[in-house]
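Here are the chains, one letter per residue:
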Amino acid sequence: MFKRIIICSGPTVEPIDPVRFISNRSSGKSGLQLVNEAVKRGIPEIIFITGPTCFEASNPAYSVIRVETALEMREHLLRYSDDADVIIMAAAVSDYRPANYSKEKIKKDRETLTLNLVKNPDILFELGQGKKPGRILVGYAAETHDILENAREKFTRKNLDLLVLNEVSAENPAFHVDKNQVYFVTAGGFQKLEMMKKSTLASRVWDEIEKLAHE
Ligand code: CTP
């Protein structure tokens, strides 16, 4: 059904100096499960673009591109995205990066230190802007409040076909866990899924993508 798909996963890491960086708590587990599920479904060309994670992802059934920063992720994604039937942005892209990289390690010779940050490009938004007819674009979101309103706004603004929405709470921490409770946001509305293993969820995400492709 699909010829080429791209999955972006993991955190991005934005360097401050040779020994320090800004990043986030993404483990990359959800993205890896999506890749494994795509392999099971026999998709011929699977491109997996991943920020640094502790998984040794490698398999002849897919190509792995390892990146560090949001700008690198964007560059590789745009290089391969033209012919992609499905693009899933499960990556936790750092919204900001240090404005200036210090080639030398910053020494602690001051009492306070201010880091200037600049905004990274919103890769998913850019993909939504140039979306080809027939392509399925999937985003992920983590929200703590007004979750359905925020998710609907994100779904529309980024021109998505599916948004997988995590409600981040004490019961559903979302990061570094094996289970997840999410909502699917589509043009048709919201669907609340039960708490399930990330591997089962990956299969449900692919079922939903196949359903959307048939519509
Ligand atoms: N995303 C992206 N590029 C960015 C930031 C986010 O491609 N610079 C993608 C993520 O991979 C995810 C989706 O956008 O699929 C939602 O990201 P999120 O950070 O939740 O939403 P934002 O639009 O950045 O809004 P906010 O952080 O204000 O909630």
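Everything below is about the structure shown above.
Here is what the cut-offs are and how they apply
- Residues numbered from 1 in each chain as written.
- Predicted model: local features only at pLDDT ≥ 70, side-chain atom pairs only at ≥ 80, totals over all residues.
- Heavy atoms only, no water.
- Helix = DSSP H or I, 4+ residues; strand = E, 2+ residues; numbered from the N terminus.
- Buried < 20%, exposed > 50% of the residue type's maximum accessible area, 1.4 Å probe, protein only.
- Lys, Arg positive; Asp, Glu negative; His and termini not counted.
- Salt bridge = Lys/Arg side-chain N within 4 Å of Asp/Glu carboxyl O.
- Polar contact = N/O pair within 3.5 Å; in protein donor to acceptor, adjacent residues only side chain to side chain.
- Pairing = 2+ DSSP bridges.
- 1 Å grid on protein atoms, 1.4 Å probe; cavity = no way out; pocket = protein on both sides within 12 Å on 5 of 7 lines; lining within 4 Å.
- Points joined across faces, edges and corners; volume = space filled by probe spheres on them.
- Nonpolar A, V, L, I, M, F, W, Y, C, P; charged D, E, K, R; others polar.
- Axes fitted to C-alpha atoms, helices over the stretch in contact; angles between N-to-C directions.
- Contact = heavy atoms within 4.5 Å.
- Near = heavy atom within 4 Å.
- Areas by Shrake-Rupley, 256 points an atom, 1.4 Å probe, with all protein chains shown as cover.
- Sits in = over half its atoms within 2 Å of the grid points.

Comments concerning unusual backbone geometry
Here the phi dihedral of Asp146 falls at roughly 45°; this positive angle occurs in a residue that is not glycine. Looking at the element boundaries, Asp146 is found in the loop between strand 9 (136–143) and helix 4 (147–157). At Asn159, a position not held by glycine, the phi torsion is positive, near 55°.

Section: the side chain of Arg135
Mapped onto the secondary structure, Arg135 falls in the loop between helix 3 (123–129) and strand 9. The charged side chain of Arg135 is buried without a salt bridge, its nearest counter-charge being Asp82 at 5.2 Å. Here the side chain of Arg135 touches Ser81 through a polar contact of 2.5 Å, landing on its backbone oxygen. Within the structure, Arg135 has its side chain in polar contact with the backbone oxygen of Ala84 (distance 2.9 Å).

Quick notes on the pairing of strand 12 (residues 182–186)
Of all 5 residues making up strand 12, 5 are buried, and the element is well covered by its neighbours. Pairing analysis gives 4 bridges linking strand 10 (residues 162–167) to strand 12, with the strands arranged antiparallel. Within the sheet, the bridge partner assigned to Asn166 lies in strand 12 and is Val182. By the bridge criterion, 4 bridges tie strand 12 to strand 13 (residues 189–192) in an arrangement that is antiparallel. Looking across to strand 13, one finds that Phe184 is bridged to Gln191. Remark: 2 residues form the turn of the hairpin made by strand 12 and strand 13, two consecutive strands paired antiparallel.

Focus: the layout of surface pockets
Taken as a whole, the largest pocket encloses approximately 880 Å³ of empty space. What lines the largest pocket is a set of 39 residues, among which Ala91, Ala92, Val93, Tyr140 and Ala141 lie closest to the centre. Listing elements by their share of the lining of the largest pocket, those giving two or more residues are helix 1 (29–40), helix 3, strand 9, strand 10 and helix 5 (198–214). Among the residues making up the lining of the largest pocket, the classes are represented as 18 nonpolar, 13 polar and 8 charged. Estimated volume of the second largest pocket: approximately 180 Å³. Along its surface, the second largest pocket is lined by Ile16, Pro98, Ala99, Asn100, Ser102, Ile106, Arg110, Leu113, Thr114, Leu115 and Asn116.

Section: the sheet that holds strand 4 (residues 45–50)
The mixed open sheet is built from 8 strands, whose spatial order is 5-4-1-6-9-10-12-13. In the strand order of this sheet, the two ends are held by strand 5 (63–66) and strand 13, each with one partner. The average undirected angle you get between the axes of adjacent strands in this sheet is 15°. Most of the contacts of helix 5 go to strand 12, to which it runs at about 10°, and overall it touches strand 1 (4–9), strand 6 (86–89), strand 9, strand 10, strand 12 and strand 13.

Side note on the side chain of Asp161
Turning to its location among the elements, Asp161 is positioned in the loop between helix 4 and strand 10. Polar side-chain contacts of Asp161 include one of 3.0 Å to the side chain of Lys131. Engagement of the side chain of Asp161 in a polar contact is seen with the backbone nitrogen of Leu137, the distance being 2.8 Å. Residues in contact with Asp161, not counting those within four places in the same chain, are Lys131, Arg135, Ile136, Leu137, Phe155, Val185, Thr186 and Leu212.

Re the site of the ligand
Near the ligand you find 14 residues, and of these Met89, Ala91, Leu124, Lys154 and Lys158 are the closest. One of the backbone N or O atoms of Ala91 is found 2.7 Å from an oxygen atom in the ligand. Within the side chain of Lys154, an N or O atom sits 2.8 Å from an oxygen atom of the ligand. The fraction of the free accessible surface of the ligand (580 Å²) that becomes covered by protein chains is 77%. In this structure, the ligand is accommodated by the largest pocket. Here the element with the most residues in the shell around the ligand is strand 9; it accounts for 3 residues. Of the residues contributing to the shell around the ligand, the split by class is 8 nonpolar, 1 polar and 5 charged.

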